[in-house]
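These are the residues of each chain, in order.
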Amino acid sequence: MNIPSIPTSKVISKSASKLMGKRLTAAKRSFVTRNLPIEHFHYLATDDIKPNAGDVILARVDKLGQHQRLELPCGRRAHLFVGDEIILSYGNRYAPDQFLAHIPERLEPCSLVAAGGIASKVDAKHAGMRNATRITPLGFLANHEKQIINLKDWQLPHTTSGSHRPTVLAVVGSSMNGGKTTTMAYMARGLVKAGLSVGAAKVTGTGAGLDYWKMRDAGAYPVVDFTDMGLASTYKAEALKVESVMHRQIDYLGHHDVDIILLEIADGILQTETAALLQSKFFHSMVDGVFFASAEALSVKSAVEWIQSHDLPLLGISGALTASPLVLEETKRLTPLPVFSKEELGSAAFYDQLLKLISRQDVSVSNVP
């Protein structure tokens, strides 16, 4: 994907040393920095300034912990060794199953909190997680004018939508690991089998390539995420910023004249940024249907009530719960909504079911006085 430069960084380093090419090529570069041309990395800045979300750094691995491999721009996960130099981005992280972390106040030892390449300071961790891999930032990466490089400096340009409006479907969930990405991937697979072109976007979350590559492998194209819009993560991002990311993603995918756009909204529906987005007028105006993914039956009942209470067009249920026949039956007893297994989503027949569900939703809305 060719992503043009949008020079927005204005922080000028006053303490920068020239970077040698051999050092840069030897460093392991993370997935979230994939859109940045390495030829723009000219200086290593060690200024005593507060890091910003998206600032790109060169860091040294000090002690291995939870993340012992780093996801490269190509998708391969490279093994890390103590002493490795790695290229990362600062970002906040909200991950109930892993780490809660925030950007530190200065260039100081912190942690690698996501395999996609996020540097942050850990506030709390899930009991099942090892301690985070410890790193020491060696400096900010800066361009030939000694401007500190940020992910927002290279992002997708603003585009207009295509000649027709695609159907836009969103997948939300109860939490991490509820099966949102798998639901999205099998939906894409089924729709492609039905002869449709499918674009996909991850609207919120923490920068990583696993979901991105899964959607590509399922047949979706183009595939974008919030890092393509200049954000390392969306945790603590302002509501209007998250809406802007989603709007630009839809416009970009629509510009490629896809038939259907699939959007993944990360984390649970009660997570701050997710809840704000789902309740926004913008989300309601752009999304034609919502699917809810979960790992267990009980959360479905409360989630359906929450989603429907906010007048969102909920079309169906899926997720990790469908892997168990017992949980699947429990779920069907809790809701009249259709519950789809991944095999059903991945079949060409899913498109016909989808059209019927959207049609029923439209009729229901038109009957509201």
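Predicted model only: the values in this text are computed from it and were never measured.

*Asks:* Could you give an account of the packing of aromatic side chains, with specific residues and numbers?
*Replies:* Enumeration according to the criterion identifies eight aromatic pairs in this entry. Between Phe 31 and Trp 213 the ring centres are 6.4 Å apart and the planes differ by 65°, which places this aromatic pair in the edge-to-face class. In this pair, Phe 31 is assigned in the loop between strand S2 (28–29) and strand S3 (43–45) and Trp 213 in helix H3 (residues 210–218), connecting sequence segments 182 residues apart. Residues Phe 291 and Phe 340 carry aromatic rings whose centres are separated by 6.1 Å and whose planes lie at 55° to one another, so their mutual orientation is tilted. Of this pair, Phe 291 sits in strand S17 (residues 289–293) while Phe 340 sits in the loop between helix H8 (325–334) and helix H9 (342–345), placing them 49 residues apart in sequence. Phe 340 shares its class with Phe 291; the two are buried. Grouped by ring-pair contacts, the aromatic residues Phe 31, Tyr 212 and Trp 213 constitute a single cluster. The side chain of Arg 34 reaches across the aromatic face of Tyr 212, ending 5.3 Å from its centre.

*Asks:* Can you break down H8 residue by residue, with the values?
*Replies:* For H8, the full list of buried residues reads Val 327, Leu 328 and Thr 331. Along the long axis of H8, the arc covered by the buried residues comes to 105°, so they all point the same way. Looking at H8, the residues exposed on the side facing more than 90 degrees away from the buried face are Pro 325, Leu 326 and Arg 333.

*Asks:* Break down the pairing of S17 for me, citing the residues and quoting the values.
*Replies:* When you tally the buried positions in S17, you get five out of five residues, the bulk of the element. With five bridges joining them, strand S13 (residues 167–173) and S17 adopt parallel strand pairing. Each residue of the ladder has a partner; that of Val 171, found in S17, is Phe 291. Inspection of the sheet shows S17 paired to strand S18 (residues 314–318) by four bridges, in the parallel sense. Across the sheet, Phe 292 pairs through a bridge with Ile 317, a residue of S18.

*Asks:* An account of the environment of Leu 112 is needed here, citing residue identities and associated values.
*Replies:* The topology assignment puts Leu 112 in strand S10 (residues 110–114). Exposure remark for Leu 112: the relative accessible area of 0% places this residue in the buried category. In this structure the C-alpha to C-alpha distance between Leu 112 and Arg 134, which are 22 residues apart in sequence, comes to 6.4 Å. In this structure, Leu 112 is in contact with His 67, Leu 70, Leu 80, Leu 88, Gly 117, Ile 118, Ala 132, Thr 133 and Ile 135, ignoring residues within four places of it in sequence.

*Asks:* Account for the side chain of Glu 264, naming residues and giving values.
*Replies:* Looking at the secondary structure, you find Glu 264 in strand S16 (residues 260–268). In this structure, Glu 264 is buried with no salt-bridge partner, the nearest side chain bearing the opposite charge being Lys 202 at 4.2 Å. Engagement of the side chain of Glu 264 in a polar contact is seen with the side chain of Thr 181, the distance being 2.9 Å. Dropping the residues within four chain positions of it, Glu 264 is found in contact with Val 171, Lys 180, Thr 181, Met 184, Ala 201, Lys 202, Val 203, Thr 204 and Asp 211.

*Asks:* Give a description of the environment of Ile 260 that names residues and reports values.
*Replies:* One can find Ile 260 in strand S16. Not counting residues within four places of it along the chain, the set of residues in contact with Ile 260 comprises Pro 166, Thr 167, Leu 169, Leu 191, Leu 196, Ser 197, Val 198, Gly 199, Tyr 351 and Leu 354.

*Asks:* Lay out the sheet that holds S17 with the relevant residues and their values.
*Replies:* Read across the sheet, six strands follow the order S15-S14-S16-S13-S17-S18 without closing on themselves; strand pairing throughout is parallel. The outermost strands of the open sheet, each flanked by one partner alone, are strand S15 (223–225) and S18. Put simply, the sheet's adjacent strands are angled 20° from each other on average, direction ignored. Packed onto the sheet, H3 meets strand S14 (198–202), S15 and S16 and runs at close to 165° relative to S15. Across the face of the sheet, helix H7 (residues 298–309) comes into contact with S13, S17 and S18 while running at roughly 165° to S18.

Calculation rules
- Residues numbered from 1 in each chain as written.
- Predicted model: local features only at pLDDT ≥ 70, side-chain atom pairs only at ≥ 80, totals over all residues.
- Heavy atoms only, no water.
- Phe/Tyr/Trp six-rings, centres within 6.5 Å; stacked < 30°, edge-to-face > 60°.
- Helix = DSSP H or I, 4+ residues; strand = E, 2+ residues; numbered from the N terminus.
- Buried < 20%, exposed > 50% of the residue type's maximum accessible area, 1.4 Å probe, protein only.
- Lys NZ or Arg CZ within 6 Å of the ring centre and 35° of its normal.
- Arc of directions from axis to C-beta.
- Pairing = 2+ DSSP bridges.
- Contact = heavy atoms within 4.5 Å.
- Lys, Arg positive; Asp, Glu negative; His and termini not counted.
- Salt bridge = Lys/Arg side-chain N within 4 Å of Asp/Glu carboxyl O.
- Polar contact = N/O pair within 3.5 Å; in protein donor to acceptor, adjacent residues only side chain to side chain.
- Axes fitted to C-alpha atoms, helices over the stretch in contact; angles between N-to-C directions.

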